[in-house]
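Listed below, chain by chain, are the residues.
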Amino acid sequence: MGLWRKFAIGSAAGVVLAGAGLLALDAADRAYPPPLEKADVVSAEVLDADGQLLRAFATSEGRWRLKTSAADVDPQFLRMLIAYEDQRFYSHRGVDPWALGRASLQFVSNGRIVSGASTLSMQVARLIEPRPERTLSAKLLQLARAMQIERRLSKEQILDLYLTHAPYGGNLEGVRAASLAYFGKEPRRLTVAEAALLVALPQLPERRRPDRNLKAAEEARRRVLDRVAVAEAVGDGEAERAEGVAIPSRRMQLPALAAHLAETAIRKQPAVLKHRTTLKKQVQQGLESVARAAAMKLGPKLSLAMVMADAQTGEIVGEVGSADYFDTSRSGWIDMTRVNRSPGSTLKPFIYGLAFEQGLVSQETIIEDRPADFFGYRPRNFDMSYQGDVTVREALQLSLNVPAVKLLDAVGPSRLLVRFRRAEVRPALPPNETPGLAIGLGGVGVTLKDLVQLYTALANRGQPTRLGDGITGVPGKIDGEPMLEPVAVWNVADILSGVIPPAGAAQRGIAYKTGTSYGYRDAWSVGYDGRYVLGVWVGRPDNGAVPGLTGYGTAAPILFEGFAKSGIATTPLPRPPAGAVRIAQSELPISQRRFALNASGLLVASGREAAPQIVYPPEGAHIDLGAKGGDLSPLQLKLQGGRAPFRWLANGRPLPDLSRRRTQQWLPDGGGYSKLTVIDSAGRAASVGVFID
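Per chain, residue numbering runs from 1 following the sequence as it is written. Per-residue local features are limited, in this predicted model, to residues with pLDDT of at least 70; the limit for side-chain atom pairs, both in listing and counting, is 80 or more; totals at the level of whole chains, interfaces and linings are taken over all residues. Each side-chain value is worked out from all heavy atoms of the structure, with water and hydrogens disregarded.

> Could you clarify how one ought to interpret the overall build of the protein chain in this entry?
Secondary structure is summarised from DSSP: a helix means a run of H or I of at least four residues, a strand means a run of E of at least two, and numbering begins at the N terminus for each. From N to C terminus, the protein chain includes 20 helices and 24 strands. Burial status follows relative accessibility: with a 1.4 Å probe on protein chains alone, a residue under 20% of its type maximum counts as buried, one over 50% as exposed, and anything between as partly exposed. Taken across its 693 residues, the protein chain has 52% of its residues classed as buried. Should any heavy atoms of two residues lie within 4.5 Å, those residues are considered in contact. Within the protein chain, contacts between residues separated by at least 24 positions form 69% of all contacts whose residues are at least 6 apart in sequence. Each accessible area is a Shrake-Rupley result for a 1.4 Å probe, and residues are judged covered by the shown protein chains and nothing else. As displayed, the protein chain has an accessible area near 31900 Å², and 54% of this comes from carbon and sulfur atoms.

> Just to check I follow, could you spell out the sheet that holds strand S19 (residues 635–640) for this structure?
Strand pairing in a sheet takes place through backbone hydrogen bonds and is either antiparallel or parallel in direction. For two strands to be treated as a pair, DSSP must find at least two bridges joining them. Ordered by their spatial adjacency, three strands build an open sheet running S17-S19-S22, and the pairing between neighbours is antiparallel. Of all the strands in the sheet, the pair left with one neighbour each is strand S17 (613–616) and strand S22 (663–666). Each strand axis lies, on average, 35° off the axis of its neighbour in the sheet, ignoring direction. The pairing of S17 with S19 spans three bridges and is classified as antiparallel. Bridging across to S19, Ile614 finds its partner in Leu639. Every axis corresponds to a line fitted to the C-alpha atoms, with the helix fit spanning only the stretch in contact, and the corresponding angles, defined between N-to-C directions, vary from 0 to 180 degrees.

> Quick question: what am I supposed to make of the packing of helix H7 (residues 175–183) against helix H8 (residues 192–200) here?
Any two packed helices are characterised by how steeply their axes cross, that is the angle between the axes, and by the distance between the axes. With their axes 11 Å apart at the nearest point, H7 and H8 run at an angle of 125° to one another. Put simply, H7 runs oblique to H8. Where H7 crosses over H8, the two elements pack in a sense that is right-handed. Across from Val175, Ala178, Ser179 and Phe183 in H7, the residues of H8 making contact are Glu194, Leu197 and Leu198. Side-chain classes are defined by residue name, with Ala, Val, Leu, Ile, Met, Phe, Trp, Tyr, Cys and Pro counting as nonpolar, Asp, Glu, Lys and Arg as charged, and the others, Gly among them, as polar. When grouped by side-chain class, the residues that make up the contact of H7 with H8 number five nonpolar, one polar and one charged. Angular relationships are summarised with four words: roughly parallel below 35 degrees, roughly antiparallel beyond 145, roughly perpendicular across 65 to 115, and oblique for the angles in between. In a left-handed crossing the near helix is turned counterclockwise from the far helix by less than a right angle, and in a right-handed crossing that turn is clockwise.

> Looking at this structure, how should I read the confidence of the model for the protein chain?
Each residue carries a pLDDT score, the predictor's confidence in it, ranging from 0 to 100. In this model, the protein chain carries a mean pLDDT of 87, and residues with pLDDT of at least 70 account for 89%. Confidence drops under pLDDT 50 across residues 598–602; counting only partners more than four residues distant or on other chains, this segment forms five contacts.

> Looking at this structure, how should I read the layout of surface pockets?
Unfilled space is identified by rolling a water-sized probe across the atoms. Of the pockets and cavities examined, the second largest pocket occupies roughly 1100 Å³. Looking at the lining of the second largest pocket, the element that brings in the most residues is strand S12 (residues 511–516), giving five residues. Classifying every residue of the lining of the second largest pocket by side-chain character gives 16 nonpolar, 16 polar and five charged. Lining residues are defined by having an atom within 4 Å of a point belonging to a cavity or pocket. Those points lie on a 1 Å grid over the protein atoms alone, cavities being sets where a 1.4 Å probe fits but cannot get out and pockets being open sets with protein on both sides within 12 Å along at least five of seven lines. Grid points are joined across faces, edges and corners, and a volume is the space filled by probe spheres set on the points.

> Mind showing me how you'd approach helix H6 (residues 155–165) here?
Among the eleven residues of H6, eight are classified as buried, and the element is accordingly described as predominantly covered. Of all the positions in H6, only Lys155, Ile158, Leu159, Leu161, Tyr162, Leu163, Thr164 and His165 are classed as buried.

> What is the right way to read the packing of helix H2 (residues 75–85) against H6 from this model?
The geometry of H2 relative to H6 is characterised by a closest axis approach of 13 Å and an angle of 95° between their N-to-C directions. Relative to H6, the element H2 lies roughly perpendicular. Listed contacts from H6 to Phe77, Leu78, Leu81 and Glu85 of H2 are Leu159, Tyr162 and Leu163. Split by residue class, the contact of H2 with H6 holds six nonpolar, no polar and one charged.

> Is there a simple way to think about a positive patch on the surface in this case?
Patches here: salt-bridge-free residues with over 30% relative accessible area, like charges joined within 9 Å, nonpolar side chains (Val, Leu, Ile, Met, Phe, Trp, Tyr) joined within 5 Å. Put simply, a salt bridge is a Lys or Arg side-chain nitrogen that is within 4 Å of an Asp or Glu carboxyl oxygen. Charge assignment: positive for Lys and Arg, negative for Asp and Glu; neither His nor the chain ends contribute. Taken as the charge location is NZ of Lys, CZ of Arg, CG of Asp or CD of Glu. A surface patch of like charges, here positive, comprises Lys67, Arg188, Lys274 and Arg276. Using a relative accessible area of 44% as the deciding quantity, one classes Lys274 as partly exposed.

> Quick question: what am I supposed to make of the packing of aromatic side chains here?
Each aromatic ring pair is summarised here by two numbers: the centre-to-centre distance and the angle between the ring planes. Pairing of aromatic side chains requires ring centres within 6.5 Å, counting the rings of Phe and Tyr and the six-membered ring of Trp. Pairs whose planes differ by under 30 degrees are stacked, by over 60 edge-to-face, and all others tilted. On inspection of all chains with the given rule, the structure shows seven aromatic pairs. Among the aromatic residues, ring-to-ring pairing joins Phe350, Phe420, Tyr455 and Tyr528 into one connected group. Any Lys NZ or Arg CZ that is within 6 Å of a ring centre and within 35 degrees of that ring's normal is treated as a charge sitting over the ring. Here the guanidinium or amino end of Lys155 rests over the ring plane of Phe89, the centre of that ring lying 4.7 Å away.

> Is there a simple way to think about the sheet that holds strand S6 (residues 303–310) in this case?
Reading across the sheet, the five strands line up as S7-S6-S14-S13-S12 and stay open at both edges, with antiparallel pairing between neighbours. The outermost strands of the open sheet, each flanked by one partner alone, are strand S7 (316–320) and S12. Direction aside, the axes of adjacent strands within the sheet are offset by 5° on average. In terms of strand pairing, S6 meets S7 through four bridges, oriented antiparallel. Bridge assignment links Ala309 to a residue of S7, and that residue is Ile316. Those strands touched by helix H18 (residues 448–459) are S6, S7, S12, strand S13 (522–528) and strand S14 (532–539), and its axis lies near 145° from that of S14.

> Is there a simple way to explain the nonpolar core in this structure?
Side chains that are nonpolar tend, in soluble globular proteins, to be buried together. The nonpolar core is taken to be a set of buried Ala, Val, Leu, Ile, Met, Phe, Trp, Tyr and Cys residues, with the residues joined through side-chain atoms within 4.5 Å. Formed by 105 residues in total, the largest nonpolar core has its most connected members in Leu304, Met306, Met308, Phe350, Leu454, Tyr528 and Val538. Setting aside anything within four residues of it in sequence, one finds Leu454 in contact with Leu347, Phe350, Phe420, Ala423, Val425 and Met483. Counting residues in each nonpolar core, the second largest holds 58 residues, with Ala39, Leu120, Leu201 and Ala239 among its members.

> When you look at unusual backbone geometry in this model, what are you seeing that I'm missing?
Across residues other than glycine, the phi torsion is negative in most instances, and most of the peptide bonds are trans. Between Tyr616 and Pro617 the backbone carries a cis peptide bond, its omega angle lying at 5°. Relative to the assigned elements, Pro617 resides in the loop between S17 and strand S18 (622–623). Each neighbour pair has its own omega, and for Ala644 with Pro645 the value is 0°, a cis peptide bond. As for its position among the elements, Pro645 is in the loop between S19 and strand S20 (647–650). One non-glycine residue, Arg461, adopts positive backbone phi at about 55°. Within the secondary structure, Arg461 is located in the loop between H18 and strand S10 (465–466). On the accessibility criterion, Arg461 (36% relative accessible area) is partly exposed. In this model, Asn543 sits at a positive phi of 70°, which is unusual for a non-glycine residue. Within the element layout of this structure, Asn543 appears in the loop between S14 and helix H20 (551–565).

> Would you take a moment to explain the pairing of S20 for this structure?
Taken residue by residue, a regular strand's side chains alternate between the two faces of the sheet. Strand direction decides the pairing type here: S20 and strand S23 (residues 672–679), joined by four bridges, are antiparallel. Across the sheet, residue Arg647 finds its bridge partner in S23, namely Ile679. Across two bridges, S20 lies against strand S21 (residues 653–654) in antiparallel orientation. Bridging across to S21, Leu649 finds its partner in Pro654. A loop of two residues connects S20 with S21, the two strands running antiparallel in sequence, and Asn651 in this loop sits at a positive phi of about 55°.

> Is there a simple way to explain the pattern of salt bridges in this structure?
A side chain of one charge can pair with a side chain of the opposite charge if their charged atoms are brought near each other. Within this structure, the stated rule accounts for 37 salt bridges. The residue Asp226 makes a salt bridge to Arg222 at a minimum N-O spacing of 2.5 Å. With a gap of four residues between them, Asp226 and Arg222 both fall in helix H9 (residues 214–226), about one helical turn apart. With its nearest N and O atoms 2.7 Å apart, the salt bridge here joins Lys268 to Asp469. Of this pair, Lys268 sits in helix H12 (residues 259–268) while Asp469 sits in the loop between S10 and strand S11 (476–477), and the two are 201 residues apart along the sequence. Its relative accessible area of 46% is what places Lys268 among the partly exposed residues. Residue class for Asp469 comes out buried when judged on its relative accessible area of 17%. A single network of salt bridges, built from pairs that share partners, joins Glu368, Arg370, Asp389, Lys406 and Arg594.

> Please explain the environment of Ala177 as it appears in this structure.
Along the chain, Ala177 falls in helix H7. What makes Ala177 buried here is its relative accessible area of 0%. Counting along the chain gives 77 residues from Ala177 to Leu254, while the straight-line C-alpha distance between them is 7.5 Å. If near-sequence neighbours (up to four positions away) are discounted, Ala177 is found in contact with Trp64, Leu66, Leu172 and Leu254.

Here is the structure:
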């Protein structure tokens, strides 16, 4: 056999053996893949509406391991990491032969390990498949796993795994967890000094923990900054300046905001790793800081709850379920935003709104605040005193009980509950009881969330908004009739915005109402501007009495502080709608100058049943309904007195239907002067002349 033939046969055999070897390696690779599924075990996160971290949950083995990608980290940190750990990361296939050769030569020359040869891929292999022993076989397996990982993942994916799993001491894993724990911030923007420390810690995380061994951490950071490749990556002189920056010596708590909402999110979707909420982190931090400060002053066993919502969208932007989730003495685990409690006087604005809407009163109408008996029900004021004759405006601002019950008696408790249903709120009535006058003073059960939902109507010209649950619930405008007419809503806001702020609080341009339940069990305050509604509840979760607890003295200061610390700029209250005006008492129709009811519940004037009186529009009024623009808007008509049903006439022509309500809408044919007349069932009539512009 010739030499050439032997060479050819040998070469062919070598190729076959090499091919067989490659096939064997490929089969082994497929049979024993790297355990990449372990890399998917990360901490669950609850995020705000903008994706900022509100709270993280440790993994089942107690690790803080936040999923991290290169996009989450400062680019300069990535350059420093690769320059220090694996300069040929983007060119090798998992193992760097040059680094292996250098490390071997240094070991032979010095008799000890001078520098390592681990690539980032090898480190990822060790992190997802840790082995306690440091043997040659363990190192060889790590080399093999690194090459297996390189076959399956891109460089970007491998880098993301390192950023997620790198150890930083204790139960901290990953760059995000370390940055939050040591610097109190996400790693998107890092100084050179911060980035160098995060590069240095993973090699010996327990020995170099800055909260345990500050000197070792400083020395490790210095070695990173002294590396030539790192100095070139950060720029001229930056490494030297970074060496003089102090290293934090304590570990901070990871964000733990919105405890109740976060727990709810995890319970609803336990398999989801990232839960997006409608909360705003800045608002949530502000409200929780107010809650913590207030809890220190409240005393033992008292808790508090706060809900802040966008009245236009229905999104909850801040929610505090208790004074302290972990305080068992306050039953902090109970989410008091979802518990039915007596709302005290916080429902009174809606009673007054109905009275305004039906034309029963105006702001300057006189109403009596004297002892009264409503078929055995005798309401008394909070301070047990009476003011005598007051205006409706004063009665609501002072939260007087007797005038509120008189108005509720006139508009009807059932009608009030119907309006609440328009806002998709159904207060809890006592068992086997029909709606009664006690509703006006808190004789129902309402949650703080539902109360805020009711108040969205006052911030939205009468149109209520459905609140979401902060997680998956769909918020939005509620279809159907408005809860109250815009003019009535404006009157309520005009009155409530004039209530004096609590002592020490600055006027913020908000309208607000307070309430205290019977027996000093609940203190409430709800306020709103033109966009946001904030509700506050204070009390004992066990419904115990708290002497001295009041809405104005206890809850209102928290409300104003909450608005201030939320970081949200005040939105002006809505402008007055057409027809909204505060009329002086001397200019009111005679029937609206004083509110009174006879035993049958009919309005009376001068000792007899009052004749009908048109209270809006007033005589001679010029009303802008858009006549110059073409399409006219309807005009709201209101009357007081008289006996239903009522027939309205415009310029001598009757409107289509009889009405039992004291309000009616009329759409003029055009601009100019018009005569409006109303006739009650007794044949009595009233008329006004108006100009439609």
